[in-house]
Amino acid sequence: MLRFLSRQASLSIIRQVIPLKTASSHLSAGTPAIRLRTVSAASNGHYLVSMPERRPFARLPADVSPVNYGLCLKPDLVDFTFEGKLEAAVEVTQGTNQIVMNCADIDIITASYALEGGEEINATGFNYQNEDEKVTLSFPSVLQKGSGTLKIDFVGELNDKMKGFYRSKYASPSGEMRYAAVTQFEATDARRAFPCWDEPAIKATFDITLIVPKDRVALSNMNVIDRKPYPEDDSLVEVKFATTPIMSTYLVAFVIGEYDFVESQSSDGVTVRVYTPVGKAEQGKFALEVAVKTLPFYKDYFSVPYPLPKIDLIAIADFAAGAMENWGLVTYRETALLIDPKNSCASSRQWVALVVGHELAHQWFGNLVTMEWWTHLWLNEGFASWIEYLCVDHCFPEYDIWTQFVSADYTRALDLDALDNSHPIEVNVGHPSEVDEIFDAISYSKGASVIRMLHNYIGDEDFRKGMNSYLLKFQHKNASTEDLWDCLEQASGKPIAAVMSSWTKQMGFPIIVVDQEQQGSDRVLKVSQKKFCASGPHSGEDCPRWMVPISVCTSEDPSCSRMKVLLDQPEITITIPNLGPNKWVKLNPGTVGFYRIQYTSAMLDSLLPGIRDLTLLPVDRLGLQNDLFSLSRAGMISTVEVIKVMEAFVNEPNYTVWSDLSCNLGVLSSLLSHTDFHDEIQEFIIDLFTPIGLKLGWDSRPGEGHLDALLRGLVLGKLGKAGHKATLEEARRRFKEHVEGKQILSADLRSPVYLTVLKHGDSSVLDTMLKLHKQADMQEEKNRVERVLGAISSPELIQRVLTFALSDEVRPQDTVSVIGGVAGSSKQGRKAAWKFVKDNWEELHNRYQGGFLISRLIKLTVDGFAVDKMATEVKSFFESHPAPAAERTVQQCCENILLNAAWLKRDADDLHQYFLQRKVPPV
Ligand code: BES
Ligand code: ZN
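Because the structure is predicted, anything quoted here is derived from the model rather than measured.

K.L.:
Can you walk me through the overall build of the chain in this structure?
P.N.:
On a plain count of helices and strands, the chain comes out with 29 helices and 32 strands. When its C-alpha atoms are laid out on the principal axes, the chain stretches across 100 × 75 × 55 Å. Residues classed as buried in the chain amount to 61% of the 923 residues present. Computed over 94 positive and 117 negative side-chain charges, the inter-centroid distance for the chain is 3 Å.

In structure tokens form, the structure reads like this:
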């Protein structure tokens with residue numbers, strides 16, 4: 001995941017507002033990324049820092065635009081080619097003898113243009129600008145202003161790069177290898193399937209016809225309106241689909257393959273089908289149930305009905321992203337759609353629910369109303385990443401999904417956005433590689449987090465009112481971030497644009513510094529802001545400022561905001577009347593504000609008992625711990641202090657709180673793998689997790705729910721990995737019984753057991769695991785194995801795992817998690833994975849052809865280094881082996897490596913001392 005201007009020229013530069021006085025000193029203090037920025041004086045008294053276009057790029061000329069695409073495609077599922085015929089109704093707004101369109105990896109055979117009622121003029125030249133992914137069709141005479149028809153015959157390849165029109169491999173029920181032809185067009189790959197105006201604001205209707213083998217399923221955005229034998233070949237049929245509403249090219253889709261389906265109707269009359277591999281229709285039932293509940297939920301939430309007669313959700317075997325919201329034909333990875341009642345674990349069920357909720361939200365937010373330009377991608381992705389939780393909370397209240405949001409999205413966004421190499425949510429992008437780059441945690445997770453903060457600031461009623469007017473006003477059109485703010489501002493009467501621009505136009509976020517004083521019976525808080533950076537806070541007059549909605553709760557009612565104010569200046573005072581000196585005060589109840597908090601030691605000390613006695617809400621226990629952890633990485637408090645706070649979580653019952661703790665301890669463990677006292681932190685982990693492990697046991701008890709299953713898996717996996725003897729023994733015993741077929745492991749126990757036996761296992765365990773992988777019928781099970789293989793400890797076996805990652809046994813989209821698993825498991829693994837990536841760079845880069853998977857691979861491989869010279873090595877490798885779509889990721893990784901190294905130098909000795917002293921029994 002990954003994260004996301006208007007046609008007006010004014011928006012082609014994204015502005016970051018930095019106070020006037022010291023913009024230049026801010027620049028000179030910066031890292032290389034900051035050096036890239038240019039500064040210009042602006043009339044409002046601020047310097048505007050713009051992110052420059054890094055690669056030359058121009059939008060398509062507006063003199064010819066499409067009205068309707070009549071598109072006929074004939075894929076060859078054996079030779080992996082396709083033939084295409086485009087008959088586009090176009091509008092020429094200014095006489096020209098050229099038509100410029102997007103086109104990539106396509107050969108045009110013929111092209112002609114005819115003005116309505118006029119003669120066909122054949123194009124005399126096709127000038128491909130490969131770098132720009134464009135083609136210029138030249139005509140011998142001027143195409144006059146007016147409506148006309150552009151015809152193009154072309155051919156292309158069904159590629160194996162998981163983008164454009166591509167092939168996906170599957171086994172037929174008899175075990176024969178076959179291929180489906182499928183599409184993935186977002187962000188800029190429709191141009192690989194047919195020449196088109198491939199920009200989100202250039203909307204048109206589509207009439208699609210597919211010529212396919214008669215025994216295959218053929219699907220597209222709309223329902224089938226005609227199916228007849230293909231006259232030239234009686235093994236083929238011609239399938240014609242209904243005309244689409246006016247839509248953007250990136251949302252067009254077609255699929256040709258063999259599938260089964262389950263079907264239902266939503267209460268508002270939409271036909272919903274979930275398409276699965278042949279013989280696995282049962283596995284579509286869970287997603288179908290979710291989809292059927294979700295469609296009416298969104299219809300009600302938005303007060304706008306779903307506009308198409310049908311929606312298909314289909315599992316695609318080879319798929320780069322998690323899922324894609326094509327209008328009426330949503331494509332998914334198998335693991336994001338298929339649930340087997342026996343063999344799927346609770347976390348898979350939850351993931352399917354979230355992904356279905358996410359993609360269906362896009363049917364309104366993205367498909368019906370579309371961003372003007374990719375700069376506003378965050379509107380799509382941030383919004384969908386927020387509302388997917390609202391939807392899952394509606395369908396499955398027992399998942400306590402909003403607490404999980406804080407651990408999964410909110411803290412992840414804060415971590416990334418604390419880097420100097422972060423970027424503003426609204427970011428100027430042009431060239432496709434720059435667009436690919438913003439499918440990141442800023443667009444998704446920070447986007448979702450600031451929308452959550454906004455929703456909380458506005459209140460649900462006005463938020464929904466504003467959303468409804470936005471969707472109605474811009475339906476079948478395009479919109480920008482400002483358009484949404486305008487609608488929400490009108491609905492709420494609050495200064496939405498001013499508040500939100502401070503969050504979307506400038507990168508980073510504040511740390512709120514708070515101090516308190518008892519004045520008689522009142523408590524007086526002094527609250528100020530600085531920019532939070534992963535290397536320590538940034539203060540001074542050049543510091544950016546945010547408009548921060550602040551709320552405060554007290555020990556009298558920890559779940560309720562007692563005061564709400566807007567911090568719109570450097571410092572404010574908040575008076576809480578009638579609060580006695582022995583009562584505590586906490587900022588940001590519910591952990592909704594996108595900021596970190598720095599309390600005085602006295603205030604912090606007053607809050608810590610609330611962790612132990614559970615009087616603080618789970619989401620606040622989590623938030624407090626996570627703030628302290630990131631403050632320790634930034635050198636603002638000692639890591640030993642945080643370790644002590646972690647010890648206060650011994651009585652913790654909440655899954656998500658444990659999950660966040662576990663994640664932070666994982667980060668620390670990885671850091672300390674660079675020291676000779678790595679074992680000590682394993683002991684600490686064992687001591688912390690043992691009581692909850694004993695309480696949960698291995699087998700589920702009657703009446704247990706979803707979160708108990710998640711917690712058990714988390715805790716056993718943590719204990720097993722850290723080497724807890726009893727857990728290791730029991731895991732080995734259960735693994736043996738599982739492999740021998742005596743007692744099959746329940747789905748929720750498989751990941752922790754596999755991880756434990758591999759971590760402490762030899763080549764025979766690896767062999768067994770690879771056998772399980774080969775035998776597995778579900779991609780979920782294959783992924784489960786793939787993700788833990790890297791835990792194996794011996795250097796030779798690590799090499800076997802790395803070789804396996806690039807073998808035919810692993811689907812290209814999953815290679816990244818195998819290599820990432822190796823890098824994330826141990827110090828040796830990290831070194832070996834990095835060497836493997838360097839040695840196989842050409843193949844890996846070629847496999848993903850840029851795209852976001854390469855960024856993920858790089859991040860997973862190098863982010864955990866903690867030695868300064870590795871930052872230099874990584875930087876210089878990517879200077880000589882450029883990966884344009886991963887440029888920013890490389891900068892972020894190098895920054896993280898330096899931060900890790902500094903953290904280690906600063907706190908390693910104290911941590912070592914603390915761990916040693918813990919072991920000495922008190923006298
Ligand atoms: N629009 C994206 C799919 C996408 C991602 C296209 C990256 C091009 C590049 C889709 O809506 C999406 O966000 N999918 C997520 C899953 C979601 C539940 C966060 C994904 O693929 O990770
Ligand atoms: Zn999305």
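K.L.:
What's the story with the pattern of salt bridges in this structure? I'm lost.
P.N.:
Per the counting criterion, the structure on display carries 57 salt bridges. One salt bridge in this structure joins Asp189 and Arg192, with 2.7 Å as the shortest N-O distance. Exposure remark for Asp189: the relative accessible area of 8% places this residue in the buried category. One salt bridge connects Asp814 with Arg333, and the closest N-O pair in it is separated by 3.4 Å. On the criterion of sequence distance, the pair formed by Asp814 in helix α24 (residues 812-825) and Arg333 in strand β23 (residues 329-333) is long-range, its members being 481 residues apart. For Asp814, a relative accessible area of 3% gives the class buried.

K.L.:
When you look at the sheet that holds strand β9 (residues 125-129) in this model, what are you seeing that I'm missing?
P.N.:
The strands making up a sheet are joined through hydrogen bonds of the backbone, oriented either antiparallel or parallel. In spatial order, the strands read β6-β10-β9; together these three strands make up an open sheet with antiparallel pairing. Strand pairing shows two members of the sheet lacking a second neighbour, β6 (96-102) and β9, which therefore form its edges. Sheet twist, expressed as the mean angle between neighbouring strand axes with direction ignored, is 25 degrees. Pairing geometry for β9 and strand β10 (residues 134-143), over five bridges, is antiparallel. Opposite Asn127, over in β10, you have Thr136 as the bridge partner.

K.L.:
Mind showing me how you'd approach the site of ligand 1 here?
P.N.:
Close to ligand 1 lie 17 residues, the nearest being Glu186, Gly322, Glu325, Glu359 and Tyr444. His362 places a polar side-chain atom, nitrogen or oxygen, 3.0 Å from an oxygen atom of ligand 1. When ligand 1 sits alone it has 510 Å² of accessible area, and the protein chains cover 96% of it. Elements with a contribution of two residues or more to the shell around ligand 1: β22 (323-324) and α4 (346-362). With five residues, α4 is the single largest residue contributor to the shell around ligand 1. Among the residues forming the shell around ligand 1, the class breakdown is nine nonpolar, four polar and four charged.

K.L.:
Whenever I open this one, the packing of aromatic side chains confuses me. Can you help?
P.N.:
If you walk through the whole model with that rule in mind, you get 48 aromatic pairs. Taking the centre distance of 5.8 Å and the plane angle of 50 degrees together, the rings of Phe684 and Phe915 count as tilted. Residue Phe684 is found in helix α17 (residues 678-696), and its partner Phe915 is found in helix α29 (residues 887-919); the two are separated by 231 residues along the sequence. Judged by its relative accessible area of 2%, Phe684 is buried.

K.L.:
Got a minute to help me understand the nonpolar core in this structure?
P.N.:
Nonpolar side chains in soluble globular proteins tend to end up buried together. Core analysis: the largest hydrophobic core is formed by 310 residues, its most contacted members being Leu137 and Tyr470. At 12 residues, the largest contribution of residues to this core is made by helix α5 (residues 377-395). Not counting residues up to four positions away in its chain, the partners in contact with Leu137 are Asn97, Gln98, Ile99, Met101, Ile108, Ala111, Ala123, Gly125, Phe126, Leu150 and Ile152.

K.L.:
Before we go on, may I ask you to explain the sheet that holds strand β14 (residues 205-213) in this structure?
P.N.:
The eight strands are arranged β8-β7-β11-β5-β4-β14-β17-β16 in an open sheet whose pairing can be described as mixed. The two strands at the open ends of the sheet, each matched to only one other strand, are β8 (120-122) and β16 (224-229). Across the sheet, the mean angle from the axis of one strand to that of its neighbour is 15 degrees, orientation sign disregarded. As paired elements, β16 and strand β17 (residues 236-241) share five bridges and run antiparallel to each other.

K.L.:
I'm lost on helix α16 (residues 655-672) in this one. Help?
P.N.:
Quick reminder: α-helices carry 3.6 residues per turn. Residues three or four places apart thus point the same way. When the terminal C-alpha atoms of α16 are compared, their 25 Å separation across 18 residues agrees well with the 26 Å that a helix rising 1.5 Å per residue should span. Taken across its 18 residues, α16 has 14 buried, putting it largely inside the fold. Capping of α16 at its N-terminal end is provided by Asn654; its side-chain oxygen lies 2.8 Å from the backbone amide nitrogen of Thr656.

K.L.:
Please clarify how helix α18 (residues 706-722) should be interpreted in this entry.
P.N.:
Counted at 1.5 Å a residue, the expected span for α18 with its 17 residues is 24 Å, and the 25 Å between its end C-alpha atoms agrees. Among the 17 residues of α18, 14 are classified as buried, and the element is accordingly described as predominantly covered. Where α18 ends, the next residue or the one after it, Gly723, has phi of about 95 degrees, a positive value.

K.L.:
Explain the coordination of the zinc ion (ligand 2) to me, please; I cannot follow it from the model alone.
P.N.:
For a metal bound by four donors in tetrahedral geometry, the ideal donor-metal-donor angle is 109.5 degrees, whereas six donors in octahedral geometry ideally sit at 90 or 180 degrees. Distances from the zinc ion (ligand 2) to its protein donors, namely His358 (NE2), His362 (NE2) and Glu381 (OE), fall within the range 1.8 to 2.1 Å. All donors of the zinc ion (ligand 2) come from a single chain, and their spacing in sequence reads H-x3-H-x18-E. On the criterion of sequence distance, the pair formed by His362 in helix α4 and Glu381 in helix α5 is long-range, its members being 19 residues apart. Accessibility expressed as a relative area gives 0% for His362, which makes it buried.

K.L.:
Is there a simple way to think about the side chain of Ser344 in this case?
P.N.:
Tracing the backbone through its elements, the reader meets Ser344 in the loop between β23 and α4. Here the side chain of Ser344 touches Glu780 through a polar contact of 2.8 Å, side chain to side chain. The contacts of Ser344, once residues within four sequence positions are left out, are Leu338, Ile339, Arg349, Ala747, Met778, Glu780 and Arg784.

K.L.:
Can you walk me through the environment of Ile339 in this structure?
P.N.:
Relative to the assigned elements, Ile339 resides in the loop between β23 and α4. On the basis of relative accessibility, which here comes to 3%, the residue Ile339 falls in the buried class. Sequence-wise, Ile339 and Thr96 are 243 residues apart; in three dimensions their C-alpha atoms are separated by 54 Å. If sequence neighbours within four positions are ignored, Ile339 has contacts with Glu282, Gln283, Phe286, Ser344, Ser348, Arg349 and Val352.

K.L.:
Before we go on, may I ask you to explain the side chain of Gln404 in this structure?
P.N.:
On the secondary structure map, Gln404 appears in helix α6 (residues 401-417). Residue classification places Gln404 among the buried residues on the basis of a relative accessible area of 8%. For Gln404, the side chain forms a polar contact with the main-chain oxygen of Tyr399, separated by 3.0 Å. Apart from residues no more than four positions distant in its own chain, Gln404 is found in contact with Gln350, Tyr389, Tyr399, Tyr655, Thr656, Leu707 and Leu710.

K.L.:
Where do I start with the environment of Asp105 in this structure?
P.N.:
Assignment of secondary structure puts Asp105 in the loop between β6 and β7 (106-115). Using a relative accessible area of 63% as the deciding quantity, one classes Asp105 as exposed. Expressed as a C-alpha distance, the spacing of Asp105 and Glu157, which sit 52 residues apart in the sequence, is 7.6 Å. A polar contact of 2.8 Å, which involves the side chain of Asp105, links it to the side chain of Arg192.

K.L.:
What is the right way to read the packing of helix α27 (residues 851-862) against α29 from this model?
P.N.:
How two helices pack is summed up by the angle between their axes together with the distance between the axes. Their axes nearest at 10 Å, the elements α27 and α29 cross at an angle of 10 degrees. Classified by the interaxial angle, the pair formed by α27 and α29 is roughly parallel. Packed against α27, whose contacting residues are Ser855, Ile858, Lys859 and Val862, the element α29 presents Thr889, Val890, Cys893, Asn896 and Ile897 at the interface. Its residues assigned to classes, the contact of α27 with α29 comprises five nonpolar, three polar and one charged.

Definitions and cut-offs
Residues numbered from 1 in each chain as written. Chains lettered and ligands numbered in written order. Predicted model: local features only at pLDDT ≥ 70, side-chain atom pairs only at ≥ 80, totals over all residues. Heavy atoms only, no water. Helix = DSSP H or I, 4+ residues; strand = E, 2+ residues; numbered from the N terminus. Buried < 20%, exposed > 50% of the residue type's maximum accessible area, 1.4 Å probe, protein only. Lys, Arg positive; Asp, Glu negative; His and termini not counted. Charge placed at Lys NZ, Arg CZ, Asp CG, Glu CD. Salt bridge = Lys/Arg side-chain N within 4 Å of Asp/Glu carboxyl O. Pairing = 2+ DSSP bridges. Axes fitted to C-alpha atoms, helices over the stretch in contact; angles between N-to-C directions. Near = heavy atom within 4 Å. Polar contact = N/O pair within 3.5 Å; in protein donor to acceptor, adjacent residues only side chain to side chain. Areas by Shrake-Rupley, 256 points an atom, 1.4 Å probe, with all protein chains shown as cover. Nonpolar A, V, L, I, M, F, W, Y, C, P; charged D, E, K, R; others polar. Phe/Tyr/Trp six-rings, centres within 6.5 Å; stacked < 30°, edge-to-face > 60°. Core = buried A, V, L, I, M, F, W, Y, C linked by side-chain atoms within 4.5 Å. Contact = heavy atoms within 4.5 Å. Expected span 1.5 Å × (residues − 1). Donors = N, O, S within 2.8 Å, 3.2 Å for Na, K, Ca; no water. Parallel < 35°, antiparallel > 145°, perpendicular 65-115°, else oblique.

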